[in-house]
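# Fold and contact review
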Amino acid sequence: MPTHSNTYKSLNRSMGKALHAYSMIQDGDRIAVGLSGGKDSWALMWLLAERQTRVPVRYSLHPIHIDPGFEGGPSGAIEAFCRRMGWTVHIERTDFGPVAHSDVNRENPCFLCARNRRRRLFEAADRMGCRKLALGHNKDDLIETLFINMFYAGEISTMMAHQPFFDGRITVIRPLAYTDEAHLERFARIMQFPVPPNPCPSAGRSKRAAVKDMLRRLYADNRKIKGNIFRSMRHVRAEYLPR
C-alpha cells in the first residue's frame, strides 16, 4: 500500500480538508459509497476504508454498485476486487442503460440513465439504513458541472460537497471535492484498481466530455486557470451580476 507516497499524502490531505470543512462524517455513521468502478469511486472507497484504521471516529462503509445493464460491464471485476479487499459490495442490476439508449426514450440518454441510477442508489442506501451517501465527484467534476449548468441550463450552480436530500433523511457527501482528477488517476495506476473500459455507447460523447475537453485546452495555456475557477465559486460578487 502506498501509504508513504506523495500521491497518497496529497489525496489524504485534500480529502481530510473537505471532510473537516463540512463535518462530513460523525461517530456511528453508516455510509453508503457509490461504487461505479471508475478511478474516483475506487479511490474514495479505499481512502475512506484506510482512514477507518487510524481515526477515533467510528463509521461503517457499505459500497453499492448500480449496474446499468450493458454487456461487458464492470460488475464482475467490482465483486472480485471487493472480495479481495474484504469489502461487501451490494450490486443492483438494472436495464437503465439499454432502455435510455432505446427508441422508447425521447430524452437525452445520459440524463435519463443518470437520473434512474441516482434514484436507485438513494433507494438502496435507504434500505440499508445508511443516512450518508458518499460519491466520488472530484474538483474537476465540480468545475465541469459549473460550466455544464451555465451552457445548457442557463444557471450558475454546481454540485455541493455536503448536500441533504429528502428533508435530511439522506445526506450526500463528496469527500473528494477538493481533490484534483490527475492525482486520482495516478493513484488508480499505483493501486492497480480494476477500471475496465466503459461499455456505454455514449461514453466520450456527452456534454461533460465536451466541457472537459474545452477546459483541458484552457488549462494547457495557463496553469492558474483551474485554481482561479475553483476559487471563484466561493467568491461570488452578486452585486456585479445582472438581475
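Residues numbered from 1 in each chain as written. Predicted model: local features only at pLDDT ≥ 70, side-chain atom pairs only at ≥ 80, totals over all residues. Heavy atoms only, no water.

Mapped onto the secondary structure, G69 falls in the loop between strand 2 (59-67) and helix 3 (75-85). Separated by 12 residues in sequence, G69 and F81 place their C-alpha atoms 20 Å apart. Discounting chain neighbours no more than four positions away, the residues touching G69 are T94 and P98. (Helix = DSSP H or I, 4+ residues; strand = E, 2+ residues; numbered from the N terminus. Contact = heavy atoms within 4.5 Å.)

Right, let's talk about the pairing of strand 2 for a bit. The buried count for strand 2 comes to eight of nine residues, which makes it a mostly enclosed element. Sheet topology places strand 1 (residues 29-34) next to strand 2; six bridges connect them, and they run parallel. Looking at strand 2, one finds that G34 is bridged to I64. Sheet topology places strand 2 next to strand 3 (residues 90-93); four bridges connect them, and they run parallel. Considered in strand 3, the bridge of I64 is made with H90. Tracing the backbone out of strand 2, into helix 3 and back to the parallel element strand 3 gives a crossover that is right-handed. (Buried < 20%, exposed > 50% of the residue type's maximum accessible area, 1.4 Å probe, protein only. Pairing = 2+ DSSP bridges. Right-handed = clockwise from strand over helix to strand, strands pointing away.)

What follows deals with the pattern of salt bridges. Across all of its chains, the model carries 21 salt bridges by this definition. Two residues, K132 and D29, come together in a salt bridge whose shortest N-O distance is 2.6 Å. With K132 in strand 4 (residues 132-134) and D29 in strand 1, this pair connects stretches of sequence that are 103 residues apart. You'll find K132 and D29 in the same group, each marked buried. Here R237 makes a salt bridge to E239, at a shortest N to O gap of 3.8 Å. Summarising the burial analysis for this pair, R237 and E239 share the class exposed. Several salt bridges converge on common partners, so that one network encompasses K39, D40, E144, E181, R208 and K212. (Salt bridge = Lys/Arg side-chain N within 4 Å of Asp/Glu carboxyl O.)

In short, geometric facts, not functional conclusions.
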